[in-house]
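Architecture and fold: a report
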Amino acid sequence: MIALHCDAPTPDTVKLIVALRAAALGHEQVSVDTAAYAHWEAPHRALAPQGQLPVLVDGDLAMPEAAFALQYIGEAYAPSLAPKDPWLWYEVQALNQQIDGALGPAVNLLGWTRETSIEERDAHRARLASIPHRQKPAGWHAVWADAEANEDQLANAREKVEGGLAQLEARLAAAEWLVGGAFSLADINAFALVRAVREVMPQSVAARPQLAAWLGRVEALAGALDAVAFAAPA
Amino acid sequence: MSAVAVHSWEPNSNSGKPLFALAEKGVEFDHVYVDIVKFEQHAPDYLALNPAGTVPTMVHDRHVFTESTPMCEYIDATFPGPKLVPDDPGARYKMREWGRRTDLAAAALSVLGWHMFLGPMVRAMDPAELERVIARIPTKERRIAWSTAAKSTFTEQQLADARARVGAYVMELDTQLARTPYLIGQEYTLADTVTFANFYALPMTVPDYANREKAPHYMDWLKRIYARPATLKLFRTSRSLGQRALEIAAKLGVAA
């Protein structure tokens, strides 16, 4: 039995659930209490050493990297979602990486800044700082990741989101689905992220007609809406 | 089969990934040299090919590839030669996960690389020329990062953090390589390609961590990969970093 260890319906959780549904795979959902920092306790860290969420577990293989867990579902169980043609598979992998990079951290930053107070964020950082063997953010990110985002950084996040949405809009002006003329892991990945963008920058999604129509197409597919409902907290 | 062109810098970091993968497969290709020390990756001709201004870019069969790790999977799937990607989906997951871990640790390594090599070269540039080349960087985020890095140096604390992060990753690699000769098992895969392309010079960059006493299995793995014909061939023909790499190979006991 496949298990998915997760908490809230974050984009990473939603994309894995949609893919599992699209592959017609049953799975057990294991709830991780992140409010109590259970993802930083030993049982979860045995699956995900850096407290990552969600974690897909298939037999003795724990997969804390959602981007590659998504590819695993396609390659192991749903070949129609993972094109065999090397160029199309490159397109799926590259687009997912670009959309994850453009939308993922930006949506997290904007949502986190909007939904929490400075005091809550300070308390969270203090709690994280006390966790043993936690890797600090590396490289350029280390310069600002542990401090409050300033207006420039928030503006930069919005700009990145606009860039990612424009890239999707341009592709969808030319084709019904993002890669190779068929519904694939690229649509599932982008769907999960664009849904989250709709929460923090609704006008940016609504202003793009191809994107809005494509969202409707993905939602209409069996599994997608169910998956979102399934992932929602009770 | 049509010709392959790779527009990239040295066999180093992202630039090096497709070079190593093509060399391992035994594929002949045109290496179009992009000198990132001169910011050539932001020149108009290059941006026409790759608007993001990142290296490497590969062109094959009318397709343009700009994401370095996925382009290596394409290379493996498209060309004959030894398999670099396992067939089993679980093994593929592990291969990709090691690639991601390496990329994250490489972000810390880039701080040290900037401090030791690129930063001093860039700060020696004429300020007006520096301003001109930074202005043509296509994304705001990267303009800010290059501008900040060009004008300032890292603090001792930031450098110490970066060294510790890279050192911790060497220990992670060593732990895995105590179990298996290559990162995901008995065979060389793209996990090794990606990791070697980023971490082949650690005995020189972070000798306090990358040494035989602290990380013997990592050092043995390094030696195994340096000794591969594809690795030696690439470093022998590289313009600027190859000599340094061959010196490390010699110290490891590889006849360069």
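Remember, it's a predicted structure, so these values are computed and weren't measured experimentally.

Overview of the overall build of chain B
Across its full length, chain B holds 12 helices and four strands. A globule of 256 residues ought to have a C-alpha radius of gyration of about 18 Å, and chain B, at 18 Å, matches this closely. Along the longest, intermediate and shortest principal axes, the C-alpha atoms of chain B span 50 × 50 × 35 Å. Considering chain B as a whole, with its 256 residues, one finds that 41% of them fall into the buried category. Considering only contacts in chain B between residues 6 or more positions apart, those separated by 24 or more positions represent 70%.

Here we look at the pairing of strand β1 (residues 4–8) of chain B
Residue and element names in this part refer to chain B. For β1, a buried count of four out of five residues is recorded, marking the element as mostly surrounded by other parts of the structure. By the bridge criterion, four bridges tie β1 to strand β2 (residues 30–33) in an arrangement that is parallel. Bridge pairing in β2 places His 7 opposite Val 32. As for the winding sense of the linkage, the β-α-β connection from β1 through helix α1 (residues 13–25) to β2 is right-handed.

A look at unusual backbone geometry
The amide bond that connects Leu53(A) to the next residue, Pro54(A), takes the cis arrangement and shows omega of -5°. As for its position among the elements, Pro54(A) is in the loop between α2 (42–45) and β3 (55–58). One non-glycine residue, Asp61(B), adopts positive backbone phi at about 55°. Assignment of secondary structure puts Asp61(B) in the loop between β3 (57–60) and β4 (63–65). Note on Asp61(B): 12 C-beta atoms within 10 Å, which makes it exposed. Look at Arg62(B): it is not a glycine, yet its phi comes out positive at around 70°. Positionally, Arg62(B) belongs in the loop between β3 and β4.

Brief notes about the interface of chain A and chain B
The partner chain B presents 28 residues to the 22 residues of chain A that form the contact. Within the residue set of the side of chain A that touches chain B, elements represented by two or more residues are β4 (61–63), α3 (66–77), α4 (86–115) and α6 (151–174) of chain A. Classifying every residue of the side of chain A that touches chain B gives 12 nonpolar, six polar and four charged.

Description of the domain arrangement of chain A
Residues and elements named next belong to chain A. Each domain of chain A was delimited in the assignment, giving domain 1 (2–79) and domain 2 (86–221). Each of domain 1 and domain 2 has a C-alpha centre, and the two are 19 Å apart. Taken together, the contacts link 13 residues of domain 1 with 15 residues of domain 2. Secondary-structure elements contributing two or more residues to the side of domain 1 that touches domain 2 are α1 (11–22) and α3.

Quick word on the environment of Met125(B)
If you trace the backbone, Met125(B) turns up in the loop between α4 (89–123) and α5 (127–135). For the pair Met125(B) and Lys38(B), spaced 87 residues apart in the sequence, the C-alpha separation amounts to 9.4 Å.

Focus: the nonpolar core
Residue and element names in this part refer to chain A. Residues Ala 19 and Val 197 are the most contacted members of the largest nonpolar core, which totals 115 residues. Among the elements that take part in this core, α4 stands out by supplying 12 residues, more than any other. Leave out the neighbours within four places in its chain, and Ala 19 touches Leu 70, Ile 73, Gly 74, Ala 78, Leu 81, Leu 185 and Ile 188.

Some remarks on the sheet that holds β2(B)
All names here are of chain B. If you trace the four strands from one edge of the open sheet to the other, you get β2-β1-β3-β4, paired in mixed fashion. Strands at the two margins of the open sheet, each flanked by one partner only, are β2 and β4. Strand-to-strand, the axes of this sheet are offset by a mean angle of 20°, without reference to chain direction. Strand direction decides the pairing type here: β3 and β4, joined by three bridges, are antiparallel. Across the sheet, the residue bridging to His 60 is His 63, located in β4.

What counts, and where the lines are drawn
Residues numbered from 1 in each chain as written. Chains lettered and ligands numbered in written order. Predicted model: local features only at pLDDT ≥ 70, side-chain atom pairs only at ≥ 80, totals over all residues. Helix = DSSP H or I, 4+ residues; strand = E, 2+ residues; numbered from the N terminus. Rg over C-alpha atoms; globule rule 2.2 N^0.38 Å. Buried ≥ 20, exposed ≤ 12 C-beta atoms within 10 Å, placed from the backbone. Contact = placed C-beta atoms within 7 Å. Pairing = 2+ DSSP bridges. Right-handed = clockwise from strand over helix to strand, strands pointing away. Nonpolar A, V, L, I, M, F, W, Y, C, P; charged D, E, K, R; others polar. Domains from an automatic or database assignment. Core = buried A, V, L, I, M, F, W, Y, C linked by C-beta atoms within 7 Å. Axes fitted to C-alpha atoms, helices over the stretch in contact; angles between N-to-C directions.

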